[in-house]
Amino acid sequence: MTSTPSATRPFRVADLGTLVVMPWSGEAPDGSDMPYLLAYSLGDTAEGPQGTAAAVARLLADNGMPVGGDVVDGTERPSLPFTLLVESGAAVLNMPGLNAQCVPSQEWLAAAGQRGYAYLILTTRAWPEATPGRAVTPEALAAFAGAAETLTAAAHIVLPARRLR
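Quick summary incoming for the structure in this document. Residue positions are counted from 1 within each chain, in the order its sequence is given. With pLDDT at 70 or above as the cut-off, local features in this predicted model cover only qualifying residues; side-chain atom pairs require 80 or more to be listed or tallied, and sums for whole chains, interfaces and linings still use all residues. Side-chain metrics in this entry use all non-hydrogen atoms of the structure; hydrogen atoms and water are not considered.

Below, the discussion takes up the side chain of R115. Note on placement: R115 falls in helix α2 (residues 106–115). Residue burial is assigned from relative accessible area. The probe radius is 1.4 Å, only protein chains are included, and a residue is buried under 20% of its type maximum, exposed over 50%, and partly exposed in between. By relative accessible area, which is 17% here, R115 ends up buried. For the purposes of these results, a polar contact is taken to be a pair of N or O atoms within 3.5 Å, where, inside protein, one atom must be able to donate a hydrogen and its partner to accept one; residues adjacent in sequence count only when each atom of the pair is a side-chain atom. Side chain to side chain, R115 and S32 meet in a polar contact 2.9 Å long. It only takes one pair of heavy atoms within 4.5 Å for two residues to be counted as in contact. In contact with R115, other than residues within four places in its own chain, are A28, D30, S32, D33, M34 and P35. Working definition: helices are DSSP H or I runs of at least four residues, strands are E runs of at least two. Numbering for both runs from the N terminus.

Right, here's the structure in full:
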């Protein structure tokens, strides 16, 4: 049996597995709230967490987003292939080939409205324990989102919080 090398295999959204977007806000160095979005896969494909990590990495690489590198400032790049729409109490993250939606807290919405942007951490690291519908404690979120393994395996993107006109 022969297999196709992953470098030549077309990107398939299904290879990402279940992609979750989790909003939270927290105090930034300037003293005001920062709206954050953490996007991660549950690692729930046949290839498991390693397969979804490769798929997320490919999504990022195919769209010029560095993993573990500098912060990409979408406020200065209007043609960025990742966008954020904040409308009717929801945040919709648009990425090439897919959209992910979440319902942030009022604090998050206020911070996004005040700043005009949100900070996205799109990590290749799977988090199978943080499934939709199951509460995540602030300690668990801080442990995962703040872990070096998560941050160095992620693209960091500042996304303008756009609204419908």
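This part is about the packing of aromatic side chains. Between 30 and 60 degrees the pair is tilted, below 30 it is stacked and above 60 it is edge-to-face, where a pair is any two Phe, Tyr or Trp rings, Trp via its six-membered ring, whose centres lie within 6.5 Å. Within this structure, the stated rule accounts for five aromatic pairs. On the basis of an interplanar angle of 55° and a centroid distance of 5.2 Å, the ring pair of Y40 and W127 is categorised as tilted. Of this pair, Y40 sits in strand β2 (residues 33–41) while W127 is found in the loop between β7 (117–123) and α3 (138–145), placing the two residues 87 residues apart along the sequence. Residue W127 is classed as buried on the basis of its relative accessible area, which comes to 8%. Look at W127 and F144: their rings are 4.2 Å apart centre to centre, the planes differ by 5°, and that puts the pair in the stacked class. Pair noted here: W127 is in the loop between β7 and α3 and F144 is in helix α3, with a separation of 17 residues, a long-range link.

Every buried residue of α3 is listed here: L141, F144 and A145. Along the long axis of α3, the arc covered by the buried residues comes to 85°, so they all point the same way. Of the residues in α3, the exposed ones pointing more than 90 degrees away from the buried face are E139, A142 and A143. For α3, the elements touching its buried residues are β1 (19–27), β2, β7 and α4 (148–151). The directions from the helix axis to the C-beta atoms are what the arc is built from.

With that out of the way, let us pick up the environment of P128. Here P128 is to be found in the loop between β7 and α3. Residue classification places P128 among the partly exposed positions, given a relative accessible area of 38%.

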